[in-house]
Amino acid sequence: MQFLSRRTACAHIVLVDTEQWIAADKAHCWHPFTRQAEWVEAEPLVLVSGEGVWLQDAEGRKYIDGNASIWTNIHGHNHPYINAAIKAQLEKVAHTSYLGFANPRASELAQRLCDFFPEGGLERVFFSDDGSTAVECAVKMAMQYRLQTGEPERTQLLAFDQAYHGDTLGAASLGGVGAFSKCCQSFGYPVRRLTGLGGLLGLSDAEVQKTAAVIIEPLVQGVNQIKPWPDGMLAEIRSWCDTHGVHLILDEVMTGFGRTGTMFACQHEGVTPDFLCLAKGLTGGYLPLAATMVGDSVYQAFLGDAERAFYYGHSYTANQLGCAAALANLDLFEQEKTLEKLPAKVLLLESLLAAIGGKYHTVYEVRQRGLVVGIELRQLGGEVFHAAHRVGERFCLLARKHRLLTRPILNTIVIMPPLSISHDEIETMCVALERTLKELEQEGFSK
Ligand SMILES: *Cc1c(COP(=O)(O)O)cnc(C)c1O
């Protein structure tokens, strides 16, 4: 008799309630960026459904999705239009290989993505699965490009302090947040780390001659506790890159698809990069799909002999369901006038947060770009909380009671709702924030 399952006798029994799901999770699941030892002690939230900006847990409680399901969701959950697009595609085919075959949805999506940029800007799309792979592709292309254009000495990459570009080995080596690359520091790309624009402008000629590309999260660093860059910096980097023959790689995995107020953050400063990395919001937050966009001059260097090809790819490249969701995501920007409605929402959120910030001494700083917000909590007097107090984590646990879900980065609370959030929902979210702050301050910070 063939061995089917350790639990053969009851293999057909489906888990049916919160208790069973949690038990199986604690016994068999391993969560990202999670202290598992603590996780198995705590009472995890089991999310089962969603509607607009609301998520519902297995006990029927509803919460505002305050970080857009880890920065991915754009038009809300369970959107009938995106659902219909995925279903329609599903009736045809879910996935076909992109190695040697084309598919309709990927063709349409590539064309529509390129149309966002001026002619001759970004004309070619390489698909992959998530933000990290979008970055891996861009960097590998940038390196291989130099080998194929007679500048093999340009092997260095410039990246910024505290940057975050993903978790696969190469992407992690570009990041400046130590915790993400601890175990593999001896691997990765040759990276020179810059503190800001000054660091770039101050590079010696010798350094510049070694450099293939600069990579940056434009306008605002996400994982670095939502830190905006100075206005105008991106345009200056673009012009520096042009002067020195260095490629500009923009990691818009978080900032893409309207988060900062324009479709892409680079449009705030009229910048077109040489490489653009997209993922999180690409499918409206429904399915994993990523895109690395490049200009024609980069693409040309990969034509010709077989060894000039870009030998890289994944099994699910250009997944048809993912591309269908992405097309629906783009349609909705037009149908629902998502970008047109943003400025009023951004202003409302800004003013409500300013009012809250004024009342609670724990709010040290509110950093906002569009609907991307970091609320940094500090002690009275501006001193940072001791890490052991885990104030950010405590805040987010308390916030659940007030029906708001989000995740902190250290002691910065990230607020990044789906762009579809209504004015009423912004107010509800801010009430939840305020109640949480009040409770946190009442509890005190000694534990
Ligand atoms: C989330 C993120 C990534 C990594 O994307 P994954 O889909 O998690 O691999 C890369 N860069 C930035 C700026 C991000 O916010």
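Predicted, not measured: the structure shown is a model, and the values here were computed from it.

**Comments concerning the pattern of salt bridges**
Then, in step 1: One pass over the structure, following the stated rule, counts 20 salt bridges.
Then, in step 2: In this structure, Glu365 and Arg367 form a salt bridge, with 2.5 Å as the shortest nitrogen-oxygen distance.
Then, in step 3: Put simply, Arg35, Glu38, Arg390 and Glu393 are held in one network by salt bridges that share partners.

**Let's talk about the sheet that holds strand 14 (residues 372-377)**
Then, in step 1: What the four strands build is an open sheet, ordered 13-14-17-16; its pairing is antiparallel. Of all strands in the sheet, those bounded by a partner on one side alone are strand 13 (363-369) and strand 16 (408-409).
Then, in step 2: Pairing between strand 16 and strand 17 (residues 412-415): two bridges, direction antiparallel. Bridge pairing in strand 17 links Pro408 to Ile413.
Then, in step 3: Each of strand 13, strand 14 and strand 17 is contacted by helix 15 (residues 423-443), which is oriented at about 10 degrees to strand 14, the strand it contacts most.

**Regarding the packing of aromatic side chains**
Then, in step 1: Scanning the entire structure with this criterion turns up ten aromatic pairs.
Then, in step 2: Geometrically, the ring pair formed by Phe160 and Trp229 is edge-to-face, given 5.2 Å between the ring centres and 65 degrees between the ring planes. One end of the pair, Phe160, is in strand 5 (residues 156-160); the other, Trp229, is in the loop between strand 9 (227-228) and helix 10 (233-244), and 69 residues separate them in sequence. Both residues of the pair, Phe160 and Trp229, belong to the buried class.
Then, in step 3: Their ring planes at 70 degrees and their centres at 5.3 Å tell us that Phe257 and Phe264 sit as a pair that is edge-to-face.

**Structural notes on the site of the ligand**
Then, in step 1: Around the ligand, the structure places Trp71, Asp130, Gly131, Ser132, Tyr164, His165, Gly166, Glu217, Asp251, Val253, Met254 and Lys280.
Then, in step 2: Taking Ser132, its side chain carries an N or O atom lying 2.6 Å from an oxygen atom of the ligand.
Then, in step 3: Lys280 has a polar side-chain atom sitting 2.6 Å from an oxygen atom of the ligand.
Then, in step 4: When isolated, the ligand has an accessible area of 380 Å², and the protein chains bury 85% of it.

**Looking at the packing of helix 4 (residues 80-92) against helix 12 (residues 320-335)**
Then, in step 1: Across the interface, helix 4 lies against helix 12 with an axial gap of 8 Å and an inter-helix angle of 150 degrees. Taken together, the axes of helix 4 and helix 12 lie roughly antiparallel to each other. Relative to helix 12, helix 4 is oriented so that their crossing is right-handed. Contact with helix 4, carried on its side by Tyr81, Ile82, Ala85, Ile86, Gln89 and Leu90, involves Gln320, Leu321, Ala324, Ala325, Ala328, Asp331, Leu332 and Gln335 of helix 12 and no other residues of that element.
Then, in step 2: Residues belonging to the contact of helix 4 with helix 12 are distributed by class as follows: ten nonpolar, three polar and one charged.

**Brief notes about unusual backbone geometry**
Then, in step 1: At Lys337, a position not held by glycine, the phi torsion is positive, near 50 degrees.
Then, in step 2: Its location among the elements puts Lys337 in the loop between helix 12 and helix 13 (338-359).
Then, in step 3: Residue Lys337 is classed as partly exposed on the basis of its relative accessible area of 47%.
Then, in step 4: Positioned with a positive phi, Arg390 is a non-glycine residue whose angle comes to about 45 degrees.
Then, in step 5: As for its placement among the helices and strands, Arg390 is situated in the loop between strand 14 and helix 14 (391-401).

Rules behind the numbers
- Residues numbered from 1 in each chain as written.
- Predicted model: local features only at pLDDT ≥ 70, side-chain atom pairs only at ≥ 80, totals over all residues.
- Heavy atoms only, no water.
- Salt bridge = Lys/Arg side-chain N within 4 Å of Asp/Glu carboxyl O.
- Pairing = 2+ DSSP bridges.
- Helix = DSSP H or I, 4+ residues; strand = E, 2+ residues; numbered from the N terminus.
- Contact = heavy atoms within 4.5 Å.
- Axes fitted to C-alpha atoms, helices over the stretch in contact; angles between N-to-C directions.
- Phe/Tyr/Trp six-rings, centres within 6.5 Å; stacked < 30°, edge-to-face > 60°.
- Buried < 20%, exposed > 50% of the residue type's maximum accessible area, 1.4 Å probe, protein only.
- Near = heavy atom within 4 Å.
- Polar contact = N/O pair within 3.5 Å; in protein donor to acceptor, adjacent residues only side chain to side chain.
- Areas by Shrake-Rupley, 256 points an atom, 1.4 Å probe, with all protein chains shown as cover.
- Parallel < 35°, antiparallel > 145°, perpendicular 65-115°, else oblique.
- Left-handed = near helix turned anticlockwise from the far one by under 90°.
- Nonpolar A, V, L, I, M, F, W, Y, C, P; charged D, E, K, R; others polar.

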